[in-house]
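Structural features, examined
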Amino acid sequence: MQFQFENFASFLTMNGHGPYVWAAYGVAVMVLVALVVAPLLRQKKLRKEFSRQLRQEEARHRAAAQRKAQSEPAATA
Amino acid sequence: MSWQWFHRLGSPRWFYQKTSGWLPWLGAASLLLLAVGMAWGLGFAPQDSKQGNSYRIIYIHVPAAFLALAGYYIMAICGAVGLIWKMKLSFVVMRAAAPIGAALTFIALFTGAVWGKPTWGAYWVWDARITSMLILFFLYLGVMALSGAFAREQSGDKASALLALVGTVNIPIIYKSVDWWFTLHQPATLKLTQASTIDPSMFYPLITMIAGFYLFYAWVLILHTRSLVLQREWRTQWVRELLEKPAPAARA
């Protein structure tokens, strides 16, 4: 098994078929990369969304606790 | 026989935990095979006597078309399992398989068009193989659109599973299209029952690429399914606990 082209330039041109071959490989690689990246991005977004909701929930809990603490003395009085 | 494994298989949580250990191995193995196969096919496999260097596109085109078809089986079978046994995870895998299948069908169509120009003199011809592959592409897109078209997730599951099942009639048509109709498309190079019509020096890089694509498909399908599982199981305790932990550096 040996390299089929004399030099790098002829590897790129491939006797005139270079643009077709390289376009096919290039687009294929781009699509494959996108397939890997897409779920990772979704997971990242989900994580962000989740921590935002968590903060909101905590804020709500704190507010509720505060209201309770304020209203209790009034109720006993 | 115990059916416990079958029910466990349907549990999104079990799936998520089980697969996290496989991902790095699958990813590394598939990327290695793809890199070796691409270098081999681009630089080291001999030139084709008739088609010259343009034939090197086969190392992308054929594996992508293989997986576009195999992926449709997986999607349709998962849809059927979901409809019959009401298995939640099965529908999630079906949803994950749709965009991956569409992407692979796109690769097969695109590389085919680019290969057609120097070989046939045209990017596109409306012959049976190419047209049935285009229909496959639309079927994938249809499943994606339909699964997202309902406010209730379960309705989307059922409708798109049904569409996936109906669409399977297209699969044998694609396989047989080069035999049934006159076409410019060359007949299958690799055959299960007879000797393949391809020289070993071209066959080995091709089989390397096919193996790489299969592993890549498995890897990506698991990645997509896991992210959809998290999205769906959002309100359950185990997902909350998982997301509350700070993200480790390599979450893949």
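Keep in mind the model is a prediction, meaning the values are calculated, not measured.

Attention shifts here to the side chain of Ser147(B). All names here are of chain B. Position of Ser147 among the secondary structure elements: in helix 6 (residues 128-147). From its side chain, Ser147 meets the backbone oxygen of Met144 in a polar contact 2.9 Å long. Residues contacting Ser147, with those up to four places away along its chain left out, are Arg95, Gly156 and Ser160.

Attention now goes to the side chain of Ser54(B). Relative to the assigned elements, Ser54(B) resides in the loop between helix 3 (23-44) and helix 4 (58-85). A polar contact is formed between the side chain of Ser54(B) and the backbone oxygen of Gln51(B), at a distance of 3.0 Å. Residues contacting Ser54(B), with those up to four places away along its chain left out, are His17(A), Val21(A), Trp115(B), Pro118(B) and Thr119(B).

On to the interface of chain A and chain B, then. At the junction of the two partners, chain A supplies 34 residues and chain B supplies 50 residues. Across the chain A/chain B interface, buried area totals approximately 3,800 Å², and carbon plus sulfur atoms make up 74% of it. For the chain A face of the interface with chain B, the top three residues by lost area are Tyr25(A), Arg47(A) and Phe50(A), together amounting to 20%. On the surface where chain A and chain B come into contact, there are one salt bridge. Note that Arg240(B) is salt-bridged to Glu57(A), the shortest N-O span being 3.3 Å. Viewed at the interface, chain B and chain A are joined by ten residue pairs in polar contact (both at pLDDT 80 or more). Looking at the side of chain A that touches chain B, the element that brings in the most residues is helix 2 (residues 18-76) of chain A, giving 25 residues. Taken together, the residues of the side of chain A that touches chain B break down into 24 nonpolar, six polar and four charged.

This part is about unusual backbone geometry. Phi is mostly negative for residues that are not glycine, and the peptide bonds are mostly trans. Non-glycine residue Asn15(A) carries a positive phi angle of around 55 degrees. By secondary structure assignment, the location of Asn15(A) is in the loop between helix 1 (8-13) and helix 2. For Asn15(A), a relative accessible area of 60% gives the class exposed. With a phi close to 55 degrees, Lys86(B) is a non-glycine residue in the positive phi region. Position of Lys86(B) among the secondary structure elements: in the loop between helix 4 and helix 5 (88-120). When its relative accessible area of 64% is taken as the criterion, Lys86(B) is described as exposed.

As enumerated under the stated definition, the model contains six salt bridges over all chains in all. For Glu49(A), the salt bridge goes to Arg52(A), with nearest N and O atoms at 3.1 Å. In this pair, Glu49(A) and Arg52(A) both sit in helix 2, three residues apart, roughly one turn of the helix. Here Glu49(A) falls in the partly exposed class, since its relative accessible area comes to 33%. Owing to a relative accessible area of 37%, Arg52(A) belongs among the partly exposed residues under this scheme. Glu153(B) is paired through a salt bridge with Arg232(B); the nearest N and O atoms lie 3.5 Å apart. Of this pair, Glu153(B) sits in helix 7 (residues 153-167) while Arg232(B) sits in helix 9 (residues 200-232), and the two are 79 residues apart along the sequence. Residue classification places Glu153(B) among the partly exposed residues on the basis of a relative accessible area of 39%.

Moving on to the packing of aromatic side chains. Residues and elements named next belong to chain B. One pass over the structure, following the stated rule, counts 16 aromatic pairs over all chains. Ring centres of Phe106 and Phe137 lie 6.5 Å apart, and the angle between their planes is 40 degrees; this geometry places the pair in the tilted category. With a gap of 31 residues between them, Phe106 in helix 5 and Phe137 in helix 6 connect regions that are remote in the sequence. Phe137 gets classed as buried once you look at its relative accessible area, which sits at 17%. When the centroid spacing of 5.9 Å and the interplanar angle of 75 degrees are considered together, the rings of Phe216 and Trp219 count as edge-to-face.

Quick notes on the rules
- Residues numbered from 1 in each chain as written.
- Chains lettered and ligands numbered in written order.
- Predicted model: local features only at pLDDT ≥ 70, side-chain atom pairs only at ≥ 80, totals over all residues.
- Heavy atoms only, no water.
- Helix = DSSP H or I, 4+ residues; strand = E, 2+ residues; numbered from the N terminus.
- Polar contact = N/O pair within 3.5 Å; in protein donor to acceptor, adjacent residues only side chain to side chain.
- Contact = heavy atoms within 4.5 Å.
- Buried area = accessible area lost by both parts, 1.4 Å probe.
- Salt bridge = Lys/Arg side-chain N within 4 Å of Asp/Glu carboxyl O.
- Nonpolar A, V, L, I, M, F, W, Y, C, P; charged D, E, K, R; others polar.
- Buried < 20%, exposed > 50% of the residue type's maximum accessible area, 1.4 Å probe, protein only.
- Phe/Tyr/Trp six-rings, centres within 6.5 Å; stacked < 30°, edge-to-face > 60°.

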